[in-house]
Amino acid sequence: GAVVSQHPSWVICKSGTSVKIECRSLDFQATTMFWYRQFPKQSLMLMATSNEGSKATYEQGVEKDKFLINHASLTLSTLTVTSAHPEDSSFYICSARVGLADTQYFGPGTRLTVL
Amino acid sequence: DAKTTQPPSMDCAEGRAANLPCNHSTISGNEYVYWYRQIHSQGPQYIIHGLKNNETNEMASLIITEDRKSSTLILPHATLRDTAVYYCIVRVAKEGNTPLVFGKGTRLSVIA
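Residues numbered from 1 in each chain as written. Chains lettered and ligands numbered in written order. Predicted model: local features only at pLDDT ≥ 70, side-chain atom pairs only at ≥ 80, totals over all residues. Heavy atoms only, no water.

Student: Account for the overall build of chain A, with residues named and values stated.
Tutor: Along its length, chain A carries zero helices and eleven strands. Overall, chain A shows an N-to-C arrangement of helices and strands of β-β-β-β-β-β-β-β-β-β-β. On C-alpha atoms alone, chain A measures out to a radius of gyration of 13 Å, which is about the 13 Å that the 2.2 N^0.38 rule sets for 115 residues. Expressed as lengths along the three principal axes of its C-alpha atoms, the size of chain A is roughly 40 × 25 × 20 Å. Buried positions account for 50% of the 115 residues belonging to chain A. For chain A, the share of sequence-separated contacts (at least 6 apart) that also reach a separation of at least 24 residues comes to 54%. About 5600 Å² of surface is accessible on chain A, with carbon and sulfur atoms providing 55% of the total. The averaged location of the 9 negative side-chain charges in chain A is 5 Å from the averaged location of its 10 positive side-chain charges. (Helix = DSSP H or I, 4+ residues; strand = E, 2+ residues; numbered from the N terminus. Rg over C-alpha atoms; globule rule 2.2 N^0.38 Å. Buried < 20%, exposed > 50% of the residue type's maximum accessible area, 1.4 Å probe, protein only. Contact = heavy atoms within 4.5 Å. Areas by Shrake-Rupley, 256 points an atom, 1.4 Å probe, with all protein chains shown as cover. Lys, Arg positive; Asp, Glu negative; His and termini not counted. Charge placed at Lys NZ, Arg CZ, Asp CG, Glu CD.)

Student: I'd like to hear about the interface of chain B and chain A, residue by residue, with values.
Tutor: Across the boundary between the two partners, chain B contributes 21 residues, which contact 20 residues of chain A. Buried surface at the junction of chain B and chain A, both sides included, amounts to about 1600 Å², of which 51% is carbon and sulfur. Where chain B packs against chain A, one counts zero salt bridges. Taken together, chain B and chain A are joined by seven residue pairs in polar contact (both at pLDDT 80 or more). A per-element tally of the side of chain B that touches chain A places strand E3 (residues 31–38) of chain B first, with three residues. Counted by class, the side of chain B that touches chain A contains nine nonpolar, nine polar and three charged residues. (Buried area = accessible area lost by both parts, 1.4 Å probe. Salt bridge = Lys/Arg side-chain N within 4 Å of Asp/Glu carboxyl O. Polar contact = N/O pair within 3.5 Å; in protein donor to acceptor, adjacent residues only side chain to side chain. Nonpolar A, V, L, I, M, F, W, Y, C, P; charged D, E, K, R; others polar.)

Student: Provide a residue-level description of the sheet that holds strand E1 (residues 4–7) of chain A, including the pertinent values.
Tutor: Two orientations exist for strands paired in a sheet by backbone hydrogen bonds: parallel and antiparallel. Residues and elements named next belong to chain A. In spatial order, the strands read E1-E3-E8-E7; together these four strands make up an open sheet with antiparallel pairing. Each of the sheet's edge strands pairs with one partner strand only, and the pair in question is E1 and strand E7 (67–73). Going from strand to strand, the sheet's axes swing by 15 degrees on average, the running direction of each strand aside. Note that strand E3 (residues 19–25) and strand E8 (residues 76–81) share six bridges and pair antiparallel. Bridging across to E8, Lys 20 finds its partner in Thr 80. (Pairing = 2+ DSSP bridges. Axes fitted to C-alpha atoms, helices over the stretch in contact; angles between N-to-C directions.)

Student: Talk me through the side chain of A:Thr80; I want residue IDs and the actual numbers.
Tutor: Along the chain, the position of A:Thr80 falls in strand E8. Here A:Thr80 is in contact with A:Ser18, A:Val19, A:Lys20, A:Lys66, A:Phe67 and A:Leu68, once residues within four sequence places are set aside.

Student: How would you sum up the sheet that holds strand E2 (residues 18–23) of chain B? Please name residues and give values.
Tutor: All names here are of chain B. The strand order across the open sheet formed by four strands is E2-E7-E6-E5, and the pairing between neighbours is antiparallel. The open sheet has two free edges, formed respectively by E2 and strand E5 (55–56), since each of these has just one partner strand. Pairing of strand E6 (residues 61–64) with strand E7 (residues 70–75), which is carried by four bridges, proceeds in the antiparallel orientation. Its bridge partner lying in E7, Ser 61 is registered against Ile 74.

Student: An account of the packing of aromatic side chains is requested, with residue identities and associated values reported.
Tutor: All names here are of chain A. One pass over the structure, following the stated rule, counts nine aromatic pairs over all chains. Centroid distance Tyr 36 to Phe 106: 5.7 Å. Interplanar angle 50 degrees. Geometry classified as tilted. Of this pair, Tyr 36 sits in strand E4 (residues 32–38) while Phe 106 sits in strand E10 (residues 104–106), and the two are 70 residues apart along the sequence. Taking the centre distance of 6.4 Å and the plane angle of 40 degrees together, the rings of Phe 67 and Tyr 92 count as tilted. Note that Phe 67 is positioned in strand E7 and Tyr 92 in strand E9 (residues 90–97), a separation of 25 residues in sequence. Across this residue pair, the class does not change: Phe 67 and Tyr 92 are buried. (Phe/Tyr/Trp six-rings, centres within 6.5 Å; stacked < 30°, edge-to-face > 60°.)

Student: Summarise unusual backbone geometry; cite the residues concerned and give the values.
Tutor: Both trends apply: most residues other than glycine have a negative phi, and most peptide bonds are in trans. Cis geometry is found at the peptide bond from A:His7 to A:Pro8, where omega equals 0 degrees. Inspection of the secondary structure assignment puts A:Pro8 in the loop between E1 and strand E2 (10–13). Although it is not a glycine, B:Ser41 adopts a positive phi angle of roughly 65 degrees. For B:Ser41, a relative accessible area of 37% gives the class partly exposed. Phi is positive for B:Arg68, which is not a glycine, with a value near 65 degrees. Here B:Arg68 lies in the loop between E6 and E7. Judged by its relative accessible area of 9%, B:Arg68 is buried.

Written as structure tokens, this is what we have:
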């Protein structure tokens, strides 16, 4: 299957700082990527849909000015958590689809801890 | 609005077949059934998907009832490494901008 990577795998930051998470499709081009977050003992919650070269579409309740998404190339999408607070601590996971294929491939996730 | 219903947890003895059920009674004719699993602290892993025919790959088999209102994922010889949360998801295929929506899944514990 296709490979999706994320960087970093974990990050600890102070409250008020910004954190950037990268999501890369390693062996395919991804026109669409999705960002999810997962709190402990809960399921994955979709945050936004990222389309290459256009603005991301955010799910209801997700602040677009706080979670900045950039999908500038067909192999890279970034999620920046701005002015992070402890309640933003979570497991962030990206996913990508391959062209017109019907399977989504997921990255390994990034664990964010805000102190 | 949950499209699928799965038992919250199941146990399976190592080496035995694990049969994970999923109800999707409101599935539409153009919706596929997808199965993913998530091992602790990892991203979800694709397992298998199908429309109406039974499917098999190197990981598992998917049995879909004739009326398509339910399905069963079968891991033929479960190992300890199969301990994970298994998600059954229905979605229209070939609509790549439609993301997968995860329910609560089934936590499978494989016991030695």
